Amino acid sequence: MNMKTIEKAQIYHNTHNPLLPPKHHMPDVEAHVMSDGRLYLYGSYDACKKEYCSNFYRVASTADMENWKISGKVMKGTDVPWFDKDAGVEESQGEPTPFIRKMMEEMEKNPELDYFGTAAEKELEALLYAPDCMEKDGKYYLYFCMVDGSEGVAVSESPDGTFGSFVRLPCKGIDPAVFLDEDGKAYYFWGQFSANGVMLNDDCRSFDSDRVVHGLVTEQEHYFHEGFSMRKIGNTYYAVFADIEHGKPTSLGYATAKSPLGPFSYGGVIIDNSGCDPSTWNNHGSIECFQGQWYVFYHRSRRNTKINRRVCAEKIEILPDGRIPEVLMTSQGPGAPFEPEERMYGFQACGCFGKCYIDYDAHSGEEYLKVTKDGDRAVFRYLSLKTLPQSVEIRSRGRAGIDICLNDVYVGGGEITENGKTVFLLDCSRIDSLQAEIELVFKQVEELELNSMVFHVS
């Protein structure tokens, strides 16, 4: 099977968050190091205006967490032979859980809320939701789910596709995950609110429905919402999933077990994307060790919507006792802190509070920080302070006042009164740290588009 990708691959140089270019919205990422040594990202792909995902997948990969290859479309939902446009994934979810009942009550009180996309018109048929991929015996198996609730597997001889030879699996739901254990046995997981798991047959394209284990992790016991993902560290199996401990599924949490089919004990939250956008609703991702460093891969919403999600990554630590401490979202991502003289872009803000959010200019293809109200705040993590900056240059459009704080200390500010470049002198003499969290506080806003900023040391 020597299939080629449908579109020419792109190369993107970047070490910061978000990982991929502004036009690529890849959420729900499963990260895997394949036998060629490269790290591959398998996710869904937001391309609709109102609905999650799209009817195609792309794959991104890197050999160094710096140079990213983004594939063309490696699979299309319209090629799946069994897709039923009249069916719906909601039919497979069973009775509403306490969390869902609460959300439904809020929606009844506030009809404008649409947490789940159920009221949104499907903009494309054959939508493909979150996938996962496994390499075994020289072949790559891509497990996928669709808007009709069906789940299946496609095969390729290359980790970045194209994927074909579709086989439907005997289950219904969302968010398939696959795990290949050290003994060669492979396990398949899926489900929302309550995760299911089963050992795959040797063909990796079927399983015995009578052997399915239900309730591996649940909403009630583990804060499980959706997006089950499995890794093994030492002799411990880690289930990573969208976690509702903080009130909605903006967190990635984890649970551990001594067997891939449980029982699992809840471990805690790894990361929460609350604050990445005023309308952020969910999170979905994975953990993976690449070149000796563990990372958590997750997504952030953009444009004041619950969609337009972009993949991000943070370094994490696995403690000797197996715990994973919670980490904050950062702008630096897997790279080093931003250095003075290095340009930091508005779309790299890792916290948007008030009414500000990351917007997109379709004509230029660029993202920027859109500030609309007095009191809006934006946070960037982290700036290296090995040498203290003396000024900051801000490139923007519009008018607003701005206070600039490093590690909660006011260091400068003033008025942005015209388009182009504004320079503010800084007093960083009270800062005693090797790196800083940057907080921008806006006032007297007449609408501002912040493109970028550079901290200068002279």
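Every value quoted in this text rests on a predicted model; they were computed, and no experiment measured them.

If you tally the helices and strands in the protein chain, you get two helices and 32 strands. The C-alpha atoms of the protein chain give 22 Å as radius of gyration, which agrees with the globular expectation for 458 residues (23 Å, within 12%). By its C-alpha atoms, the protein chain is 70 × 50 × 45 Å across when sized along the principal axes. Residue burial in the protein chain is summarised as follows: out of 458 residues, 59% are buried. Sequence separation of at least 24 residues holds for 59% of the intrachain contacts in the protein chain that already meet a minimum separation of 6. Counting every atom, the protein chain has about 18500 Å² of accessible surface; 46% of that belongs to carbon and sulfur.

Let us look at the pairing of strand E26 (residues 377-384). Of all eight residues making up E26, seven are buried, and the element is well covered by its neighbours. Across three bridges, the pairing between strand E23 (residues 351-353) and E26 is antiparallel. Paired with Cys 352 across the strands is Ala 378, a residue of E26. Across seven bridges, E26 lies against strand E31 (residues 435-443) in antiparallel orientation. Bridged to Leu 383 within E31 is Ala 436.

Taken as a whole and assessed by the stated rule, the structure comprises 20 salt bridges. We note a salt bridge from Glu 288 to Arg 231, for which the minimum N-O separation is 3.0 Å. Residue Glu 288 is found in strand E19 (residues 286-290), and its partner Arg 231 is found in strand E15 (residues 224-233); the two are separated by 57 residues along the sequence. Each member of the pair, Glu 288 as well as Arg 231, carries the same accessibility label: buried. One network of salt bridges, with partners in common, ties together Asp 28, Asp 46 and Arg 309.

The subject of this paragraph is the sheet that holds strand E21 (residues 310-316). With antiparallel pairing, three strands are arranged side by side in an open sheet as E19-E20-E21. One side of each edge strand has no neighbouring strand; the edge strands of this open sheet are E19 and E21. Here the average twist between neighbouring strands, direction ignored, is 35°. One ladder, built from five bridges, connects E19 with strand E20 (residues 293-300); its direction is antiparallel. Counterpart to Ile 287 in the pairing with E20 is Val 296.

The subject of this paragraph is unusual backbone geometry. In the segment running from Gly 161 into Thr 162, the intervening peptide bond is cis, with an omega of 15°. Inspection of the secondary structure puts Thr 162 in the loop between strand E10 (150-156) and strand E11 (164-172). In this model, Arg 381 is joined to Tyr 382 through a cis peptide bond whose omega is -5°. Checked against the element boundaries, Tyr 382 lands in strand E26. The backbone phi angle of Asp 28 is positive, close to 60°, even though this residue is not glycine. One can find Asp 28 in the loop between strand E1 (10-13) and strand E2 (30-33). Take Asp 28: its relative accessible area is 5%, and that puts it in the buried class.

Further remarks concern the side chain of Glu 314. Mapped onto the secondary structure, Glu 314 falls in strand E21. The exposure class of Glu 314 is buried, given its relative accessible area of 3%. For Glu 314, the side chain forms a polar contact with the side chain of Tyr 298, separated by 2.6 Å. Glu 314 has contacts with Asn 17, Ile 271, Trp 294, Tyr 295, Val 296, Tyr 298, Arg 300, Val 327, Leu 328, Met 329, Thr 330 and Gly 333, leaving out every residue within four places of it along the chain.

Moving on: the sheet that holds strand E9 (residues 139-145). The strand order across the open sheet formed by four strands is E8-E9-E10-E11, and the pairing between neighbours is antiparallel. Two strands lie at the open edges of the sheet, namely strand E8 (132-136) and E11, each paired on one side alone. In this sheet, adjacent strand axes meet at a mean angle of 25° when their direction is disregarded. Direction of pairing for E8 relative to E9: antiparallel, over a ladder of five bridges. Residue Lys 136 lies in a different strand from E9, and its bridge partner there is Lys 139.

Within the element layout of this structure, Asn 55 appears in the loop between strand E3 (39-42) and strand E4 (56-57). A relative accessible area of 16% means that Asn 55 is categorised as buried.

Conventions adopted
Residues numbered from 1 in each chain as written. Predicted model: local features only at pLDDT ≥ 70, side-chain atom pairs only at ≥ 80, totals over all residues. Heavy atoms only, no water. Helix = DSSP H or I, 4+ residues; strand = E, 2+ residues; numbered from the N terminus. Rg over C-alpha atoms; globule rule 2.2 N^0.38 Å. Buried < 20%, exposed > 50% of the residue type's maximum accessible area, 1.4 Å probe, protein only. Contact = heavy atoms within 4.5 Å. Areas by Shrake-Rupley, 256 points an atom, 1.4 Å probe, with all protein chains shown as cover. Pairing = 2+ DSSP bridges. Salt bridge = Lys/Arg side-chain N within 4 Å of Asp/Glu carboxyl O. Axes fitted to C-alpha atoms, helices over the stretch in contact; angles between N-to-C directions. Polar contact = N/O pair within 3.5 Å; in protein donor to acceptor, adjacent residues only side chain to side chain.

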